Amino acid sequence: MITMLTAYTKELDDIEVACNEILDQLNAPHAIRKNSVGLITCDSEFVDAGVIEALCKRLDFDTIGITTRGTAVNGQSGFDLLSVALLTSDDVRFSTVMSDTITPDSIDAPIEAAYRKGVSKYENEKPALILAYPPMMLMKVGVGQLVAPLKRLSGDDIPVFGTLSNDQTPHFSTCKTICNGAALPDAFGMVFFFGEVHLQFFTQSISLQNIQKQHAVVTDAEGFVVKTLNDMPFSRYLQRLGFVSRNFETLYMLPFIINLKNSNASPTLSCGVYSITEEGYAVFGVEIPIGATIALGKLDANDVLKTTQDAVTRIADLRAQGKASCALMYSCITRGIIVGVNYLAELDIVSNTLNGVIPFQCCYSGSEICPVPNASGKLANHVHTFTFITCVLT
């Protein structure tokens, strides 16, 4: 059994006060069990101010986490929060690792080394869950390339759940992955769970009425690159939809709904296009095979709030049925941007619905990693964008 304790602070100027606020909220000796790990979310200013390093030195458990644009926890929501979710258990054990530096020319080796270090702590056991926190390197490396080595090593037998770091800057220039006080822009953090863990995963992205019924078939693709749709270059297909080349740079704000038909996967993966190559090909964050279909979706503020409410209502219902002990939630940063001037609306829904109902931690995500069931009902690990993802521990 795993339980969660949560804590937060908004204090940036006084490190001692910030640390004491977190420690006082976590001061529940009767609730803290044999094995623990802390999940941290915070604005990057908490890293720069030295709060994260000082706090982790005073905590007597390993920590992992990310910088983020916004967090909801303990009835609070905002851009200026540092939150800690302490997962603690007598029977489930944790192994926390951080990779060496990842570069566009060196991706697989540091991730594989970190994975092997993480699983080596309990050599005779297979992990029951991996929490994954890749670095934000979208301008250099797509998220799919960062997650691919982990998916290859874990297969679909080990569920992988997590998020990329993000921040409040236009070009994600201050993003960090956090591990035991260290905060790095180019490292991959992971937590391995060993023991009997009962999990439920679900995703909310775009309502069906906001997905175009017209779709195109992928007729040529290689890995993360879709070359042609309906036998025409991807860029020409976009032009037929009314896009002009000067607007291609904003494609990352447009959700494409992918049906991976010939890989027996979920028909509702949502993903953005990171760039258009000189040849007119699209670079996605997920591997898309020939034969898959692609349709354009529309994400608007009302749909963001509706799908978020659907997700947290489902969590509350599971709690009422005795089928949930705590929840982790990550929402694509684009969803927060789409909401516009009411910028805390999505986080407020999470906080107002779940506060006092179930321990939880929710934050904005640079890209989402969550298993989804394939056509036969078996979970398969996938990367998402524009999506609200949930991991419920029971």
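Now for a description of the structure that goes with this document.

Parameters at a glance
- Residues numbered from 1 in each chain as written.
- Predicted model: local features only at pLDDT ≥ 70, side-chain atom pairs only at ≥ 80, totals over all residues.
- Heavy atoms only, no water.
- Helix = DSSP H or I, 4+ residues; strand = E, 2+ residues; numbered from the N terminus.
- Rg over C-alpha atoms; globule rule 2.2 N^0.38 Å.
- Contact = heavy atoms within 4.5 Å.
- Areas by Shrake-Rupley, 256 points an atom, 1.4 Å probe, with all protein chains shown as cover.
- Lys, Arg positive; Asp, Glu negative; His and termini not counted.
- Charge placed at Lys NZ, Arg CZ, Asp CG, Glu CD.
- Phe/Tyr/Trp six-rings, centres within 6.5 Å; stacked < 30°, edge-to-face > 60°.
- Buried < 20%, exposed > 50% of the residue type's maximum accessible area, 1.4 Å probe, protein only.
- Lys NZ or Arg CZ within 6 Å of the ring centre and 35° of its normal.
- Pairing = 2+ DSSP bridges.
- Axes fitted to C-alpha atoms, helices over the stretch in contact; angles between N-to-C directions.
- Polar contact = N/O pair within 3.5 Å; in protein donor to acceptor, adjacent residues only side chain to side chain.
- Disulfide = S-S within 2.5 Å.
- Core = buried A, V, L, I, M, F, W, Y, C linked by side-chain atoms within 4.5 Å.
- Parallel < 35°, antiparallel > 145°, perpendicular 65-115°, else oblique.
- Left-handed = near helix turned anticlockwise from the far one by under 90°.
- Nonpolar A, V, L, I, M, F, W, Y, C, P; charged D, E, K, R; others polar.

For the rest of this paragraph, the subject is the overall build of the chain. Secondary structure assignment for the chain yields nine helices and 26 strands. By the compact-globule yardstick of 21 Å for 394 residues, the chain fits well, its C-alpha radius of gyration being 20 Å. Reported as C-alpha extents along the three principal axes, the dimensions of the chain are approximately 65 × 50 × 45 Å. Expressed as a percentage of contacts within the chain between residues at least 6 apart in sequence, the contacts between residues at least 24 apart total 79%. With the model as given, the accessible surface of the chain reaches about 16000 Å², and the carbon-plus-sulfur share is 47%. The average position of the 28 basic charges and that of the 40 acidic charges among the side chains of the chain differ by 7 Å.

Throughout the structure, instances matching the rule amount to ten aromatic pairs. Plain terms: the ring middles of Phe94 and Phe193 are 5.0 Å apart, the flat faces sit at 85 degrees to each other, and that makes the pair edge-to-face. A residue pair is termed long-range when its members are at least 10 positions apart, and Phe94 in strand E7 (residues 93–98) and Phe193 in strand E12 (residues 189–194) qualify at 99 residues. Ring centres 6.3 Å apart and planes at 85 degrees place the aromatic pair Tyr133 and Tyr330 in the edge-to-face group. Placement of Tyr133 in strand E8 (residues 129–133) and of Tyr330 in strand E22 (residues 326–332) is noted, with a sequence separation of 197 residues between them. For the pair formed by Tyr133 and Tyr330, the shared burial category is buried. Through successive ring pairs, a cluster of aromatic residues spans Tyr133, Phe161, Phe201 and Tyr330. Above the plane of the ring of Tyr122 lies Arg93, whose end atom (NZ or CZ) is 4.8 Å from the centre.

Time to look at the sheet that holds strand E9 (residues 160–163). Sheet architecture is open: six strands sit in the order E7-E12-E8-E9-E24-E25, paired in mixed fashion. Strand pairing shows two members of the sheet lacking a second neighbour, E7 and strand E25 (379–384), which therefore form its edges. Pairwise comparison of adjacent strand axes, ignoring direction, gives a mean angle of 25 degrees for this sheet. Of the strand pairs in this sheet, E8 and E12 are connected by five bridges, and their pairing is antiparallel. By the bridge assignment, Ala132 is partnered in E12 with Met190.

Every other side chain in a regular strand lies on the same face of the sheet, so the side chains alternate between the two faces. Across the seven residues that make up strand E1 (residues 3–9), a large majority, six, are buried. Where E1 meets strand E6 (residues 82–89), seven bridges bridge the pair, whose relative direction is antiparallel. When the sheet's bridge partners are listed, Leu5 is paired in E6 with Leu86.

Moving on, we come to the sheet that holds E1. Strand order in the open sheet formed by six strands is E1-E6-E2-E3-E10-E11, and the pairing between neighbours is mixed. Each having just a single partner strand, E1 and strand E11 (182–184) make up the two edges of the open sheet. Pairs of neighbouring strands in the sheet enclose a mean axial angle of 20 degrees, with direction left out of account. Where helix H1 (residues 15–25) meets the sheet, its contacts fall on E1 and E6, and the angle it forms with E1 comes to roughly 155 degrees.

Among the structural elements, Thr88 can be located in strand E6. Given a relative accessible area of 0%, Thr88 falls into the buried group. Within the structure, the side chain of Thr88 is placed 3.3 Å from the backbone oxygen of Asn35, a separation counted as a polar contact. At 2.9 Å, the side chain of Thr88 and the side chain of Ser36 are in polar contact. Thr88 has contacts with Met1, Ile2, Thr3, Ala31, Ile32, Arg33, Asn35 and Ser36, leaving out every residue within four places of it along the chain.

Applying the stated criterion across every chain, the model contains zero disulfides. The closest cysteine sulfur to the non-disulfide-bonded Cys42 is located on Cys56, 9.1 Å from its own sulfur. Free cysteine: Cys326, not disulfide-bonded; nearest cysteine sulfur from Cys391 at 7.9 Å.

The next thing to look at is the nonpolar core. Within the largest apolar cluster, 51 residues are counted, with the highest numbers of intra-cluster contacts made by Met190, Phe234, Phe256, Ile258, Phe284, Ile288 and Ile294. With sequence-adjacent residues up to four places away left out, Phe256 is seen in contact with Phe234, Leu238, Leu269, Ser270, Cys271, Val273, Phe284, Ile294, Ala295 and Leu296. By size, the runner-up hydrophobic cluster in this structure holds 29 residues, among which are Ile2, Ala187, Phe201 and Ile389.

Bringing the packing of H1 against helix H3 (residues 51–58) into the picture now. To characterise two packed helices, one gives the angle between the axes of the helices and the distance between these axes. At a minimum axis separation of 9 Å, H1 and H3 run at an interaxial angle of 45 degrees. The angle between H1 and H3 places the two elements in the oblique class. In the crossing of H1 with H3, the sense of the turn from one axis to the other is right-handed. Of the residues in H3, those touching H1 at Ile15, Glu16, Ala18, Cys19, Asn20, Ile22 and Leu23 are Val51, Ala54, Leu55 and Arg58. Among the residues forming the contact of H1 with H3, the class breakdown is eight nonpolar, one polar and two charged.

A separate point is helix H9 (residues 345–354). In terms of burial, H9 is largely enclosed, as seven of its ten residues are buried. Along H9, the residues that are buried comprise Ala345, Glu346, Leu347, Ile349, Val350, Ser351 and Leu354.

Tracing the sequence through the fold places Asn374 in the loop between strand E24 (368–373) and E25. Separated by 229 residues in the primary sequence, Asn374 and Gln145 place their C-alpha atoms 21 Å from one another.

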